[in-house]
Amino acid sequence: MSLSANIINRKSWLEVATISDFPIQNIPFGVFLTKENVVTVGTRIGDFAIDLGALQQLNYFDGIDLTDDMFLQDTLNDFISDGKKTWRLVRNRIADIFDEKNPKLRENKNHKDVVIFKMDEVEMQLPVLIGDYTDFYSNKTHAINTGKIRNNPSENGLLPNWLHIPIGYHGRSSTIIPSGIAVNRPMGQYLPEGETTPVFGPSRMVDFELETAFITTDANIMGERIPINEAEDYIFGMVLMNDWSTRDIQKWESAPLGPFLSKNFATSISPWIITMDALEPFRTKGPKQDPAPFPYLQFKGKHNFDINLEVSLLPENGQETILSKTNSKYTYWSMIQQLVHHTSNGCRVNSGDMMGSGTISGTSPDSLGSMIEITWGGKNPIKLNDGTERKFLNDGDTVTIKGYSKNNGVRIGFGEVTSKLLPPFVRK
Ligand code: MN
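Anyway, here's the lowdown on the structure attached to this text.

Rules and cut-offs
Residues numbered from 1 in each chain as written. Predicted model: local features only at pLDDT ≥ 70, side-chain atom pairs only at ≥ 80, totals over all residues. Heavy atoms only, no water. Core = buried A, V, L, I, M, F, W, Y, C linked by side-chain atoms within 4.5 Å. Buried < 20%, exposed > 50% of the residue type's maximum accessible area, 1.4 Å probe, protein only. Helix = DSSP H or I, 4+ residues; strand = E, 2+ residues; numbered from the N terminus. Contact = heavy atoms within 4.5 Å. Pairing = 2+ DSSP bridges. Expected span 1.5 Å × (residues − 1). 1 Å grid on protein atoms, 1.4 Å probe; cavity = no way out; pocket = protein on both sides within 12 Å on 5 of 7 lines; lining within 4 Å. Points joined across faces, edges and corners; volume = space filled by probe spheres on them. Nonpolar A, V, L, I, M, F, W, Y, C, P; charged D, E, K, R; others polar. Salt bridge = Lys/Arg side-chain N within 4 Å of Asp/Glu carboxyl O. Patch = residues over 30% accessible without salt bridge, like charges linked within 9 Å, V, L, I, M, F, W, Y side chains within 5 Å. Areas by Shrake-Rupley, 256 points an atom, 1.4 Å probe, with all protein chains shown as cover. Lys, Arg positive; Asp, Glu negative; His and termini not counted. Charge placed at Lys NZ, Arg CZ, Asp CG, Glu CD.

Some remarks on the nonpolar core
Part 1: W244, L279, L323, L339 and L393 are the most contacted members of the largest nonpolar core, which has 67 residues in total.
Part 2: The greatest single-element share of this core, amounting to five residues, is contributed by strand β26 (residues 410-422).
Part 3: In this view, L279 contacts M238, I274, F305, S405, I412 and F414; residues no more than four positions away in its chain are not counted.
Part 4: In this structure, Y60, L76, W87 and V115 belong to the second largest nonpolar core, which totals 44 residues.

In structure tokens, the structure reads:
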């Protein structure tokens, strides 16, 4: 089936700014709350939110086999469960409805009134009910940097398993939040520098991790392994992700089972899921894998994606500083390798599961994806544009991650994930 939604010279009758992340070629999926307090599945073109539930009730999806309440939901899970064929049919149809050459909805004011909202009139929700969340550690530069910072005795910072196995840990889905929701500085146990006895208190090393994540559809039954040449069929799309972390708590708690409370207090994601179909023009090869991975992880073709990423910090009453610019294409273990490895023991993956990439760092100092790398564990504080310094994040700091792909004049963006760090939670 063709990806007619991706036609480069297609234009919408809705106004779209030239630098918009959301031209008619994007057509992401999300969930929003309208002014009338109705939750609905939707898409976005330019700065307009489009109610897919209303479009379906007005029969704009006639001829596509959908359940009656497919979009009258507060999550995308049912739609994602329906599989790639349905995603493509719906996305192509939306492109057709909003094509400048199609007068059907364009000339129907009554329909437009119930279908189209301004973005600033809606409130974005979490797009999926995330059943399980796994975070990988798939960027080689980040793995080397953090290995060195933690004084790993091996000479290049990489543990011996890293080049053979996509390392990951099971996160916690209960604290995944959409962009805009603030996060409290967590309490926890850590061992202050030079001490031998741990303390319990507010973390003093709150950090962000610049990541992307992908959302899956139902992939297998328990026990079944996904072959790598099928894996991409089970990936619905991608979001930006800030994997909030506390380095002091992480260091103290991580031996021997890995991170636990240092990372599960909050994970922020951008609210629009950009489909793999929309990202199709931005395929690229990933870094060369040496040694060659096991056969079950070997693949042909281009399965990394060229997505420009940026993270900035805005202090309270301060001035924004761009901390880093990097790119998703630097990821060593590709998304299909992550997914295949995840099911290689028969672990079941469901519709709405989320898998994070791991911190995405480039090799230059201005392309690092976390404060622990930027300040080298707090040893080299950075100066912000407002003259203040940071080793890690201060209360009142807002962290924003943005991302977009661009070629042949088409820009497919993710929007942003932004979130403010608040002081520790106080029970009222
Ligand atoms: Mn992470």
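Now that the structure has been shown, the text picks up again.
Focus on the environment of G356
Part 1: If you trace the backbone, G356 turns up in strand β22 (residues 354-356).
Part 2: Residues G356 and S174 lie 182 residues apart in sequence; the distance between their C-alpha atoms is 15 Å.

Some remarks on the sheet that holds strand β25 (residues 398-407)
Part 1: Strands sit in the order β9-β26-β25-β20-β21 across an open sheet of five strands; the sheet is mixed. Of all the strands in the sheet, just β9 (183-184) and β21 (321-327) have a single pairing partner and so form its edges.
Part 2: Summarising the sheet, β9 and β26 pair through two bridges and their orientation is parallel. The residue of β26 that forms the bridge with N184 is L422.

Thoughts on the side chain of T267
Part 1: Looking at where T267 falls in the secondary structure, it is placed in strand β16 (residues 267-269).
Part 2: Take T267: its relative accessible area is 0%, and that puts it in the buried class.

Some words on helix α3 (residues 84-97)
Part 1: Between its first and last C-alpha, α3 extends 20 Å over 14 residues, near the 20 Å set by a 1.5 Å rise per residue.
Part 2: Listed as buried for α3 are T86, W87, R88, V90, R91, N92, I94, A95 and I97.

Section: empty space enclosed by the protein
Part 1: Per the stated rule, a full pass over the model turns up two cavities of 30 Å³ or more.
Part 2: In this structure, the largest cavity encloses a volume near 110 Å³.
Part 3: Contributing to the lining of the largest cavity are 15 residues, with T212, M238, S328, T331 and M335 lying nearest its centre.
Part 4: When contributions to the lining of the largest cavity are tallied by element, the ones reaching two or more residues are β13 (210-216), β19 (304-305), α9 (335-342) and β22.
Part 5: When residues in the lining of the largest cavity are grouped by element, the largest group, three residues, is from β13.
Part 6: Looking at the lining of the largest cavity residue by residue, the classes come out as six nonpolar, nine polar and no charged.
Part 7: In this structure, the second largest cavity is lined by K84, W87, R91, E232, I235, F236, T275, M276 and D277.

Here we look at unusual backbone geometry
Part 1: A255 connects to P256 through a cis peptide bond whose omega is 0 degrees.
Part 2: Within the element layout of this structure, P256 appears in the loop between α7 (247-253) and β16.
Part 3: Cis geometry is adopted by the peptide bond preceding P291, which originates at D290 and carries an omega value of 5 degrees.
Part 4: For P291, the location among the structural elements is in the loop between β18 (283-284) and β19.
Part 5: Notably, N37 is not glycine yet its phi reads approximately 65 degrees, a positive angle.
Part 6: Following the sequence through the fold, N37 ends up in the loop between β1 (30-33) and β2 (39-45).

Topic: the pattern of salt bridges
Part 1: Under the counting rule described, the total for this entry stands at 17 salt bridges.
Part 2: Salt bridges here are not isolated pairs; linked through shared partners, they connect D207, E209, D243, R247 and K263.

Some details on a negative patch on the surface
Part 1: A cluster of like negative charges, contributed by D65, D68, D69, D78 and D82, occupies part of the molecular surface.
Part 2: Positionally, D82 belongs in the loop between α2 (77-81) and α3.
Part 3: With relative accessibility at 39%, the residue D82 sits in the partly exposed group.

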